Amino acid sequence: MVLRILFFSFVSMLGGMPAAQAQLVTKDQVDAAKNAIDLRTYEATADLTVEKAAAEARKAIAEAQKAEAAAQVPATKTEALAGSIDSKSFGAAGLVKAFDLAQSLAQTVCKDLPATETYAIYDASHSAGVAQARLVRDEIQRITENLRKANASLEQAAKAPSQDMKIMGALVGIGVATGAIKAMADLASLFKTNISLASATYSDDPRALFASALAENCPSKITSLGGGYMGELDTTQYMALKKSVIELMDARYAFSDRISQVKRAAEKAKDAEKARLDALAAESSSALKQADAFIEALKPSDVSDKAPLYNAARFLALDERTSTSKVLDFSLRLDGLAITKENIFTGQKLRLSGVALFWYRLHNRDGSLISAQTLRRITQPVEVDFRSKNVKEADKDGFWYSGGSAAAD
């Protein structure tokens, strides 16, 4: 750009000369003009170089001043001083507010439940266990009665051929339902999987927490918590069930003795009578084997968590305890939120909030609906002060102490 300006200046200078002079320009004049152009070009280039160097110097000074100022200010990232709150490791603190929500919801539900009734918390595993326990109990009674009938009919048939059809009908009645033996196997698996409280992480499964909160706020209304201890230490139902099994085994042994008598009679009989008695003994022995298979599946002498008879007694006890109760079915979701805020001068601050989504339904035992309700709760975030020397005085929002005897610690 500078060269272009100098060139036009030189052309203008020549153009301003008279024609005669322009024609008489000497070589020395041309060289002088060229030198003048070179001088001006050098001066312009030098000025640009000086200005560029000055700009770079000012930029370097500004960056140095900025670095010096930044070095005097504390770092704003969370890799700060030891002892600051890490929201990842302290995020579970948000569940404290969710816990409080469960308590609040339990109080609301207890107020809504009519005081004239009692309620059993619905649990699918418990319902299945009660149904299977009833089946086992009914099969014990049915087979016992049919063994007694078969015993009496076999005694009559051994004396009179006209009674053969009667004994055959009684033998058919001894037949063990396959569903009863399967139910006994399922009873053991229920206690090994579904019934035990496997986790206390109420953010994942808050049913146990809420059931306990209900029992805390209205214990006289709740007859079953839907999990945990079911009354295993009370042996009343177990002894009653075992008495039924003893009666079953007595009937079995009596029938076995009757079969032995028929076999001995067949040994003394001849021809058609011998064939008839042998057939009666064979059919009776087959029915007796089915009864023996059922008794063996009961495992009456076993009291472990795998014992069908023992587990059936647990569910029968539950069934009796809740026989007049309404059924309470519910679903609850709890979530806790921990929010941290950073400040370079005051450090981190922790705020906690909780969310609860809840519904419940009341049923009669036949499944008909009595009432239903849906509720939701969101707590306003509260700030937790970790710097106070007196935690109780700083605990205006009830974070550190809540319920039980903890407040007195």
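Above this text sits the structure in question.
Quick summary incoming for the structure in this document. Each chain has its residues counted from 1, following the order in which its sequence is written. Thresholds applied to this predicted model are a pLDDT of at least 70 for local features of residues and 80 or more for the giving and counting of side-chain atom pairs; totals over whole chains, interfaces and linings are not thresholded and use all residues. Processing note: side-chain calculations cover all non-hydrogen atoms of the structure and skip hydrogens and water entirely.

**Points about the nonpolar core**
Of all hydrophobic cores here, the largest spans 45 residues; its most connected members are Ile140, Leu147, Ile174, Leu248, Phe255 and Leu298. Starting at the N terminus, helices and strands are each numbered in turn, a helix being any DSSP run of H or I of at least four residues and a strand any DSSP run of E of at least two. The leading source of residues in this core is helix α10 (residues 271-298), at 10 residues. Listed in part, the 26 residues of the second largest apolar core include Ala98, Phe210, Cys218 and Leu334. Residues enter a nonpolar core if they are buried and are Ala, Val, Leu, Ile, Met, Phe, Trp, Tyr or Cys, with the set joined through side-chain atoms within 4.5 Å. Buried means the residue's accessible area, taken with a 1.4 Å probe over protein chains only, is under 20% of the maximum for its type, while exposed means over 50%, and partly exposed covers the values in between.

**A closer look at the packing of helix α5 (residues 124-159) against helix α11 (residues 308-321)**
Relative orientation and spacing of two packed helices are given, respectively, by the angle between their axes and the distance between those axes. Remark: α5 packs on α11, axes separated minimally by 8 Å, with the N-to-C direction vectors making an angle of 110°. Compared by their axis directions, α5 and α11 come out roughly perpendicular. For the crossing formed where α5 meets α11, the hand is left-handed. When α5 is examined against α11, the residues Ser125, His126, Gly129, Val130, Ala133, Arg134, Arg137 and Ile140 are found in contact with a partner set consisting of Leu309, Ala312, Phe315, Leu316, Leu318 and Asp319. In the contact of α5 with α11, the residues fall into eight nonpolar, three polar and three charged. Structural elements are reduced to axes, namely lines fitted to C-alpha atoms, with helices fitted over the stretch in contact, and the angle between N-to-C directions of any two is expressed from 0 to 180 degrees. Roughly parallel here means an angle under 35 degrees, roughly antiparallel means over 145, roughly perpendicular means 65 to 115, and every remaining angle is called oblique. Crossing handedness: left-handed means the near helix sits turned counterclockwise from the far one by under a right angle, and right-handed means the same turn made clockwise. We call two residues in contact whenever any of their non-hydrogen atoms come within 4.5 Å of each other. In this classification, the charged set is Asp, Glu, Lys and Arg, the nonpolar set is Ala, Val, Leu, Ile, Met, Phe, Trp, Tyr, Cys and Pro, and all remaining amino acids, among them Gly, are polar.

**Focus on the packing of aromatic side chains**
Here a pair means two rings of Phe, Tyr or Trp (six-membered ring of Trp) with centres within 6.5 Å. Their orientation is stacked below 30 degrees between planes, edge-to-face above 60, and tilted elsewhere. A complete count under the given rule lists five aromatic pairs for this structure. Note on Tyr238 and Tyr310: the rings are 5.5 Å apart at their centroids and 80° apart in plane angle, and the pair reads as edge-to-face. Taken as a pair, Tyr238 in helix α9 (residues 236-268) and Tyr310 in helix α11 lie far apart in primary sequence, 72 residues in all. Measuring from ring centre to ring centre gives 5.9 Å for Phe358 and Tyr360, while their planes differ by 35°; the resulting arrangement is tilted. On the basis of relative accessible area, Tyr360 is assigned to the buried category, the value being 4%.

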